[in-house]
Amino acid sequence: MEFNTPNWEKMSDGLVPAIIQDARTKNVLMLGYMNADALAKTTDTGKVTFFSRSKQRLWTKGEESGNFLNLVSIKNDCDNDSLLINVNPVGPTCHTGTDTCWSENNNSNFGFFSELESTIEERRTTADDSTSYVASLFKKGINKVAQKVGEEAVETVIEAMDNNDELFLYESADLLFHYLMLLQAKGFTLKDIEAELMKRKK
């Protein structure tokens, strides 16, 4: 595995901070410290290994719990004095049993689309259907929601065959918005679509 070696001369205690990040969700799982031997063992075994400052020895995460951090990649920062290590975690990362050492769930986040999903859910469950388009469409039932997705899909296809990029993007946004509504009407979210696509990855 190729990466820039840390500048060990900058570490007065011989330890470099290692930020552990989930390779798929991009969530930060924990922070540990590595010396040269821990880094070498990590690359040799594919299991993230730290130097335990309390036990004064090498410590492979999961050696007792089985919750290993399987190595994906290592990057050194611009100053060669900290590491970003991408991993595939097995089970929770924190010794307390939580996904991360900040008591957060290690769930996928799709940025604004996750925010939009939350807004749709809030409007679906609490908004007045006389003032909320989302609430009113959900009130009409899943058949109407599905029909709306079909209509927006046709309009998107039509605009795709024209040369007006602005209208194509407008209709594409409408299609995606209504598709997110249809997912919720069926009891699913983007995370379920992500899981289905991951199963197809070759």
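Residues numbered from 1 in each chain as written. Predicted model: local features only at pLDDT ≥ 70, side-chain atom pairs only at ≥ 80, totals over all residues. Heavy atoms only, no water.

Chemist: Give me the overall build of the protein chain: which residues, what numbers.
Modeler: Of regular secondary structure, the protein chain possesses 6 helices and 6 strands. What you see in the protein chain, going N to C, is helices and strands ordered as β-β-α-β-β-β-β-α-α-α-α-α. Projecting the C-alpha coordinates of the protein chain onto the three principal axes gives extents of approximately 65 × 40 × 30 Å. For the protein chain, buried positions account for 32% of its 202 residues. Of all intrachain contacts in the protein chain linking residues separated by at least 6 positions in sequence, the fraction that spans at least 24 positions is 49%. Only carbon and sulfur atoms are counted for the fraction: they give 51% of the accessible area of the protein chain, which is about 12,400 Å². (Helix = DSSP H or I, 4+ residues; strand = E, 2+ residues; numbered from the N terminus. Buried < 20%, exposed > 50% of the residue type's maximum accessible area, 1.4 Å probe, protein only. Contact = heavy atoms within 4.5 Å. Areas by Shrake-Rupley, 256 points an atom, 1.4 Å probe, with all protein chains shown as cover.)

Chemist: So, the packing of aromatic side chains: which residues are in play, and what are the values?
Modeler: One pass over the structure, following the stated rule, counts 2 aromatic pairs. Above the face of the Phe-68 ring, Lys-47 is positioned so that its terminal group lies 4.9 Å from the ring centre. Here the basic side chain of Arg-124 rests over the ring of Phe-138, its NZ or CZ set 5.7 Å away from the ring centre. (Phe/Tyr/Trp six-rings, centres within 6.5 Å; stacked < 30°, edge-to-face > 60°. Lys NZ or Arg CZ within 6 Å of the ring centre and 35° of its normal.)

Chemist: Hey, could you go over the pairing of strand S3 (residues 49-52) for me, with residue numbers and the actual values?
Modeler: Residues Thr-49 and Phe-51 point to one face of S3 and Phe-50 and Ser-52 to the other, with burial holding for every one of them. Bridge count between S3 and strand S4 (residues 57-60): 4 bridges; the pairing is antiparallel. When the bridges of S4 are listed, Phe-51 appears paired with Leu-58. (Pairing = 2+ DSSP bridges.)

Chemist: Explain helix H4 (residues 142-160) to me, using residue names and the numbers behind them.
Modeler: For H4, with 19 residues, the first-to-last C-alpha span of 27 Å sits near the 27 Å given by 1.5 Å per residue. Listed in full, the buried residues belonging to H4 are Val-145, Val-149, Glu-152, Thr-156 and Glu-159. The buried residues of H4 occupy one face: seen down the axis, they fall within an arc of 90°. Among the exposed residues of H4, those pointing more than 90 degrees away from its buried face are Asn-143 and Val-154. (Expected span 1.5 Å × (residues − 1). Arc of directions from axis to C-beta.)

Chemist: Would you mind going over the packing of helix H2 (residues 112-126) against helix H5 (residues 165-185) in detail, with residue names and values included?
Modeler: Contact geometry for H2 and H5: axes closest at 10 Å, N-to-C directions at 60°. The orientation of H2 with respect to H5, classified from their angle, is oblique. Judged by the twist between their axes, the crossing of H2 over H5 is right-handed. Residues Phe-113, Leu-116, Glu-117, Ile-120, Glu-121 and Arg-124 of H2 touch H5, and the partners they reach there are Leu-176, Phe-177, Leu-180, Met-181 and Gln-184. In the contact of H2 with H5, the residues fall into 7 nonpolar, 1 polar and 3 charged. (Axes fitted to C-alpha atoms, helices over the stretch in contact; angles between N-to-C directions. Parallel < 35°, antiparallel > 145°, perpendicular 65-115°, else oblique. Left-handed = near helix turned anticlockwise from the far one by under 90°. Nonpolar A, V, L, I, M, F, W, Y, C, P; charged D, E, K, R; others polar.)

Scope: geometric values only; no functional claims are made or implied.
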